[in-house]
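Overview (structure and organization)
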Amino acid sequence: MAVKLIELAGCFFPNACLSCGNRIAVSEFLCDSCKCLIKGPIPYELSVDGLPVRSYWWYEPPVSDVIRAYKFGKRWRLSKLIAGWLLNLLDQSLPGAGRDYAIISVPTTIQALRERGFDTNSLVLRKLRRMANYRVINAITVAKSVLPQASLTKEERKAAAEGKFSLRIKNLPKKVILFDDVITTGSTIRSCAKLLESAGVEDLKIFSVARTK
Ligand SMILES: [Zn+2]
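I will try to describe carefully the structure that is included in this document. All of these numbers come straight from a predicted model, not from anything done at the bench.

1. So, the coordination of the zinc ion
Here the zinc ion is held by the protein donor atoms Cys-17 (SG), Cys-20 (SG), Cys-31 (SG) and Cys-34 (SG), which lie 2.3 Å from it. Metal-centred angles of 105 to 118° between the four donor atoms at the zinc ion mark the site as tetrahedral. For Cys-17, a relative accessible area of 4% corresponds to the buried category. Classification of Cys-34 as buried rests on a relative accessible area of 6%.

2. Side note on the packing of aromatic side chains
One pass over the full model with this rule turns up three aromatic pairs. Seen from their ring centres, Tyr-56 and Trp-85 are 5.8 Å apart, and the 10° between their planes marks the pair as stacked. Here Tyr-56, found in strand β4 (residues 51-58), pairs with Trp-85, found in helix α4 (residues 78-93); they are 29 residues apart in sequence, far enough to count as distant. With respect to burial, Tyr-56 and Trp-85 carry one shared label: buried.

3. Some words on the nonpolar core
Among the nonpolar cores identified, the biggest contains 41 residues, and Ile-82, Trp-85, Leu-86, Leu-90, Ile-103, Leu-128 and Val-209 are the most heavily contacted of them. If you list the elements that add at least two residues to this core, you get β4, α3 (63-72), α4, α6 (120-132), β9 (175-183) and β10 (203-211). Sorting elements by how many residues they give to this core places α4 first, with eight residues. Each of domain 1 (1-37) and domain 2 (43-211) contributes no fewer than three residues to this core. Apart from the residues within four sequence positions on either side, Ile-103 is in contact with Leu-90, Leu-125, Leu-128, Tyr-134, Arg-135, Val-136, Ile-137, Ile-177 and Phe-179. Core analysis: the next-biggest nonpolar cluster, separate from the first, contains 23 residues, Ala-102, Ala-139, Phe-165 and Ile-183 among them.

The rules behind these values
Residues numbered from 1 in each chain as written. Predicted model: local features only at pLDDT ≥ 70, side-chain atom pairs only at ≥ 80, totals over all residues. Heavy atoms only, no water. Donors = N, O, S within 2.8 Å, 3.2 Å for Na, K, Ca; no water. Tetrahedral: all angles 85-135°; square planar, octahedral: opposite > 155°, others 65-115°. Buried < 20%, exposed > 50% of the residue type's maximum accessible area, 1.4 Å probe, protein only. Phe/Tyr/Trp six-rings, centres within 6.5 Å; stacked < 30°, edge-to-face > 60°. Helix = DSSP H or I, 4+ residues; strand = E, 2+ residues; numbered from the N terminus. Core = buried A, V, L, I, M, F, W, Y, C linked by side-chain atoms within 4.5 Å. Domains from an automatic or database assignment. Contact = heavy atoms within 4.5 Å.

Okay, here's the thing in structure tokens:
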């Protein structure tokens, strides 16, 4: 019955794959061919700016199309799909031990918050908590507003990231997973990692949904 209703809805509200544009069911975001291109998690750690990072998949279509639609196209429902990728990554990277860690996300800058209307990482973690009961702590805040990351060179990003974040709470758990949706140069994640380690975090793991090549 539910399947028939979805098929019927598809006649009135045609839905297209976010990556290739093929027609798909209304409840879907990607077509089967695009889904097959995502083979995550990447089965090894990557060194990003000297830090070991585990990522679900590469920041390339169709993953990059999904993340862009989520962040810049106000497609909030994609938070569930992205949280599902993160959950898969956590389950496979830390089998049985994931719940020992508290998860803290890199916050959205004030400027991006104004443009997007929501904290993209925080919404993904809220979905993750609902799906799998992970402990999520809202610990990092943006200390000062900077220019959008996309307009900066690698060196400028590094400089901008210094002193950009501060801690909202003082007593942090010893075991923490730091999460960002996409990792590019690693400068943002390095700033947050330094901050957490200076606050007494002893076992820090870094996870992202996507990573640039
Ligand atoms: Zn497709």
